[in-house]
Amino acid sequence: MAKLILSVDGQVLKEHTLSKERTLIGRKPHNDIQIDNLAVSGEHAAIITILNDSFIEDLGSTNGTLVNGKPIKKHFLQNNDVVEIGKHKLKYFNDAPQQAGAADFEKTMIIRSPVKAAPPPATAPGAPAQAPAPAPAASADAGMSRTIPPSPEVRAAAPPPPQPTAPQDHAPLRDAAIQVLSGAAAGRTLDLTKNLTTIGKPGLQVAVITKRPNGYFITHVEGTTFPSLNGTSLGATAHPLGDHDMIEIAGVKMEFFYKP
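Rules and cut-offs
Per chain, the residues get numbers from 1 upward, laid out in the order the sequence is written. Residue-level local features of this predicted model are given only where pLDDT is at least 70; pairs of side-chain atoms are given and counted only at 80 or more, and the full residue set underlies all totals for whole chains, interfaces and linings. With hydrogens and water excluded, all non-hydrogen atoms of the structure serve as input to the side-chain values. Secondary structure counts use DSSP, requiring at least four H or I residues in a row for a helix and at least two E residues in a row for a strand, with both numbered from the N terminus. Note on classification: 1.4 Å probe, protein chains only; a residue is buried when its accessible area is under 20% of the maximum for its type, exposed when over 50%, partly exposed between these limits. Only heavy atoms matter for contacts: two residues are in contact if any of them lie within 4.5 Å across the pair. Exposure was quantified through the Shrake-Rupley algorithm and a 1.4 Å probe, taking into account, for residues, occlusion by the shown protein chains and nothing else. Any two strands between which DSSP finds at least two bridges are classified as paired. pLDDT measures the predictor's confidence residue by residue and takes values from 0 up to 100. We define the nonpolar core as a collection of buried residues of types Ala, Val, Leu, Ile, Met, Phe, Trp, Tyr and Cys that are connected through side-chain atoms lying within 4.5 Å of one another. Stacked, tilted and edge-to-face are the three classes assigned to paired rings of Phe, Tyr and Trp, where Trp is represented by its six-membered ring and a pair needs centres within 6.5 Å; plane angles under 30 degrees give stacked, over 60 edge-to-face, the rest tilted. Just to be clear on terms, a salt bridge is a Lys or Arg side-chain nitrogen sitting within 4 Å of an Asp or Glu carboxyl oxygen.

Draft legend 1. Quick look at the overall build of the protein chain. A count of helical and extended segments in the protein chain gives zero helices and 23 strands. When each of the 260 residues of the protein chain is scored for burial, the buried share is 32%. Considering only intrachain contacts with a sequence separation of at least 6, the fraction spanning at least 24 residues in the protein chain is 37%. Looking at the protein chain as shown, the accessible area adds up to about 16,700 Å², and 55% of this sits on carbon and sulfur atoms.

Draft legend 2. How the structure looks around the sheet that holds strand β6 (residues 53-58). The strand order across the open sheet formed by five strands is β4-β3-β5-β6-β9, and the pairing between neighbours is mixed. Each of the sheet's edge strands pairs with one partner strand only, and the pair in question is β4 (33-34) and β9 (74-76). Bridge count between strand β3 (residues 22-26) and strand β5 (residues 45-50): four bridges; the pairing is antiparallel. Counted as the bridge partner of Leu24 is Ala46 from β5.

Draft legend 3. Looking closely at the confidence of the model for the protein chain. Confidence in the prediction for the protein chain averages 77 pLDDT; 70% of positions are at 70 or higher. The lowest-confidence element of the protein chain is strand β12 (residues 138-141), averaging 44 in pLDDT; the highest-confidence one is strand β10 (residues 82-85), averaging 96.

Draft legend 4. Inspection of the nonpolar core at higher detail. By size, the foremost hydrophobic cluster in this structure holds 18 residues, and its most contacted members are Leu4, Ile25, Ile47, Ile56, Val83, Ile85 and Leu90. At the level of secondary structure, the elements contributing two or more residues to this core comprise β1 (3-8), β5, β10 and β11 (88-93). Excluding residues that lie within four positions of it along the chain, Leu90 makes contacts with Leu4, Ile5, Leu6, Ile25, Ile33, Asp81, Val82, Val83 and Ile85.

Draft legend 5. Up close: the environment of Val83. Here Val83 lies in strand β10. According to the relative accessible area criterion, Val83 is buried, its value standing at 1%. Residues Val83 and Leu4 lie 79 residues apart in sequence; the distance between their C-alpha atoms is 9.3 Å.

Draft legend 6. Focus on the sheet that holds strand β19 (residues 228-229). Strands sit in the order β15-β14-β23-β22-β19-β20 across an open sheet of six strands; the sheet is antiparallel. Strand pairing shows two members of the sheet lacking a second neighbour, β15 (189-191) and β20 (232-233), which therefore form its edges. Here β19 runs beside strand β22 (residues 245-249); their pairing, made up of two bridges, is antiparallel. Residue pairing in the sheet places Leu229 in a bridge with Ile247 of β22.

Draft legend 7. View of unusual backbone geometry. A positive phi angle, near 55°, is found at Asp9, a position not held by glycine. Topologically, Asp9 is positioned in the loop between β1 and β2 (11-17). With phi around 55°, Asn68 is a residue other than glycine that occupies positive phi space. Positionally, Asn68 belongs in the loop between β7 (65-67) and β8 (70-72).

Draft legend 8. Up close: the pairing of β3. The buried fraction of β3 is high, at four of five residues. Inspection of the sheet shows β3 paired to β4 by two bridges, in the parallel sense. Pairing of Ile25 across the sheet is with Ile33, part of β4.

Draft legend 9. Geometry of the packing of aromatic side chains. Counted under the stated rule, the structure contains three aromatic pairs. When the centroid spacing of 5.9 Å and the interplanar angle of 65° are considered together, the rings of Tyr216 and Tyr258 count as edge-to-face. Separated by 42 residues along the polypeptide, Tyr216 in strand β18 (residues 215-222) and Tyr258 in strand β23 (residues 252-258) bring together distant segments of the chain. With respect to class, Tyr216 is no different from Tyr258; both count as buried. Aromatic pair Phe256 and Tyr258: ring centres 5.3 Å apart, planes at 80°, arrangement edge-to-face. Each of the two residues, Phe256 as well as Tyr258, counts as buried.

Draft legend 10. Local environment of the pattern of salt bridges. Summed over all chains, the structure comprises four salt bridges. Notably, a salt bridge pairs Lys3 with Glu15, separated by 3.8 Å at the nearest N-O pair. With Lys3 in strand β1 and Glu15 in strand β2, the pair connects residues that are 12 residues apart, well separated along the chain. Using a relative accessible area of 28% as the deciding quantity, one classes Lys3 as partly exposed. Across the salt bridge formed by Asp191 and Lys259, the nearest N and O atoms sit 3.3 Å from each other. Linking Asp191 in strand β15 with Lys259 in the segment after β23, this pair joins segments that are 68 residues apart in sequence. According to the relative accessible area criterion, Lys259 is partly exposed, its value standing at 30%.

Below is the structure:
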């Protein structure tokens, strides 16, 4: 499980396990990670954790949030990243294999071509035609075998024992998109090509759609009320998205769909 090590001036203060989907960092006591320092905003940043993946989002703090020395608004966390909030540092540790990443997933489909028979040797003009060579007893291609009956003059060899079939890879995830159905941007379509796509209105209501090998998931990120999915409140947990699901966030209706 991922964790954060809080330190200041090289002195470790506390270790925090990221066991919640949403971990708040800030100066006020209600935060999951409280940093009692005037350089830290009341609600400074939030870390969203979905399965083995975490990303940090600055919540409009006064002094900003740095990751590895660079200011960020949103950042996908990777093992050994260092988050700086004021004079305090939070080092991120995650030894589990992460599903998302800086680049999109890519699957390789292996296509095996059929084995082509060798062309017969050229025959000199006037020479008698040679008899065709006897066919082999079996021919294998991509784990599948077929038996060719021998000619009457040749005794058939014993067929080889059946080989176990290798498991097939999972089908690649289909491309998907969301279409805005209401509001000023009605009719606009957004392709979900990134691993993390943020939707909503900052400061009011925000959710994130994550692209994973087994599908697309939506999670509430920011706002006192939750977005709705097919008329039902999302709540604090991640929800898988199905074809033609209806999302309503910050007063705007959207439709999730798989592309043909």
